[in-house]
Amino acid sequence: MIGRHEENELVRISRRLERAINRRDLLRALGTAGTGAALAGTVMPAGAGASGRGLVRGLRRYQDTPVRGGTLNVAITGQPDNMDPHKAGIYASGQVFDNIFSKLIEVDQELNYVPNLAASWENPSPTEWVFTLVQNAVFHNGEKVTSKDVKYTFDRLKDPATASPSAVRFDLVTAVEPVDDYTVKFVLAEPYGPFLSALAGFGGQIVNEKAIAAADPARNPVGCGPFKFVEWVTDD
């Protein structure tokens, strides 16, 4: 038997643990979705699966009505080495720049490919993929996102002079052809099953040629994602 005082203390502890689990689920979900900031070092307690599923539904509800402004403090796995998505070589960098840049497609909580900069896509032949872009995306320097940016992105990524560690994922891409301002076609050397996975992964971030020419993206990234880069204070 336990007394009233002990019972109340157990209730308080249980509630604190529940809040901690929910907070950790939140951090994990944000890191997985890449929608806010990717947060590392979070541990999922045993038996937290049900609350995690409820959290996903909650996150979707919150994302329907985003709030501008405020301060978001996040933890990452280490010190980023580079903010250029084509040259960065460690995960900690991606945890940051994946929120500054956007990709053609993303992967949702159910592991489905979902639209991002691409509103839709089709696979008219085993070696061709055609993407129709959204028409309201803008880079943080004011440039509209068009098919020319998609072509520039993958031409730069595959250029040996760029020395991108992500280039190997797009070895089978032989051409990126703008069809019009908001339609772009990828031509592959042969059918490639993981192509959509490559686009949704590391190195798939779309960059702007004018921004790349204006300042070194390693320290001055300009994307079209939900967060705009302001400054980088090393070891802050």
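How each quantity is defined
Residues numbered from 1 in each chain as written. Predicted model: local features only at pLDDT ≥ 70, side-chain atom pairs only at ≥ 80, totals over all residues. Heavy atoms only, no water. Core = buried A, V, L, I, M, F, W, Y, C linked by side-chain atoms within 4.5 Å. Buried < 20%, exposed > 50% of the residue type's maximum accessible area, 1.4 Å probe, protein only. Helix = DSSP H or I, 4+ residues; strand = E, 2+ residues; numbered from the N terminus. Contact = heavy atoms within 4.5 Å. Pairing = 2+ DSSP bridges. Axes fitted to C-alpha atoms, helices over the stretch in contact; angles between N-to-C directions. Salt bridge = Lys/Arg side-chain N within 4 Å of Asp/Glu carboxyl O. Polar contact = N/O pair within 3.5 Å; in protein donor to acceptor, adjacent residues only side chain to side chain.

Participant: I'd love a proper account of the nonpolar core, names of residues and values included.
Facilitator: With 27 residues, the main nonpolar core has Leu 104, Phe 131, Val 150, Phe 154, Phe 186 and Leu 199 as its most contacted residues. The element that contributes the greatest number of residues to this core is helix H5 (residues 195-199), accounting for four residues. Once you skip the residues sitting within four places of it in the chain, Phe 186 turns out to touch Leu 104, Thr 127, Glu 128, Trp 129, Phe 131, Val 150, Phe 154, Val 173, Ala 175, Val 176, Phe 195 and Leu 199. Listed in part, the ten residues of the second largest apolar core include Met 83, Phe 97, Tyr 152 and Val 207.

Participant: An account of the sheet that holds strand S5 (residues 173-180) is requested, with residue identities and associated values reported.
Facilitator: What the four strands build is an open sheet, ordered S3-S4-S6-S5; its pairing is antiparallel. At either margin of the open sheet sits one strand with a lone partner, and together these are strand S3 (118-125) and S5. Sheet twist, expressed as the mean angle between neighbouring strand axes with direction ignored, is 20°. Two strands pair when backbone bridges link them, and strand S4 (residues 128-133) and strand S6 (residues 183-188) are joined in this way by five bridges, in the antiparallel orientation. Its bridge partner lying in S6, Thr 132 is registered against Thr 183. In this fold helix H4 (residues 147-158) packs onto S4, S5 and S6, with an angle of close to 165° to the strand it touches most, S5.

Participant: For the pattern of salt bridges, give the residues involved together with the corresponding values.
Facilitator: Scanning all chains against the criterion turns up seven salt bridges. In this structure, the salt-bridge partner of Lys 210 is Glu 143, at a minimum N-O distance of 3.1 Å. Taken together, the residues span a long stretch of sequence, with Lys 210 in helix H6 (residues 209-214) and Glu 143 in the loop between S4 and H4 at a distance of 67 residues. The salt bridge partner of Lys 151 is Asp 155, with a shortest N-O separation of 3.0 Å.

Participant: Would you mind going over the pairing of S4 in detail, with residue names and values included?
Facilitator: Look at any regular strand and the pattern is simple: side chains alternate between the two faces of the sheet. Of the pairings in the sheet, the one linking S3 to S4 comprises five bridges and is antiparallel in character. Pairing of Ser 125 across the sheet is with Glu 128, part of S4. Adjacent in sequence and paired antiparallel, S3 and S4 are bridged by two residues.

Participant: Go over the side chain of Asn 82, please, and point to the residues and values.
Facilitator: Locating Asn 82 in the fold gives a position in the loop between helix H2 (49-64) and helix H3 (91-97). Only 2.7 Å separates the side chain of Asn 82 from the backbone nitrogen of Asp 84, close enough to count as a polar contact. The contacts of Asn 82, once residues within four sequence positions are left out, are Lys 87, Ala 88, Ser 93, Phe 97, Ala 218 and Trp 232.

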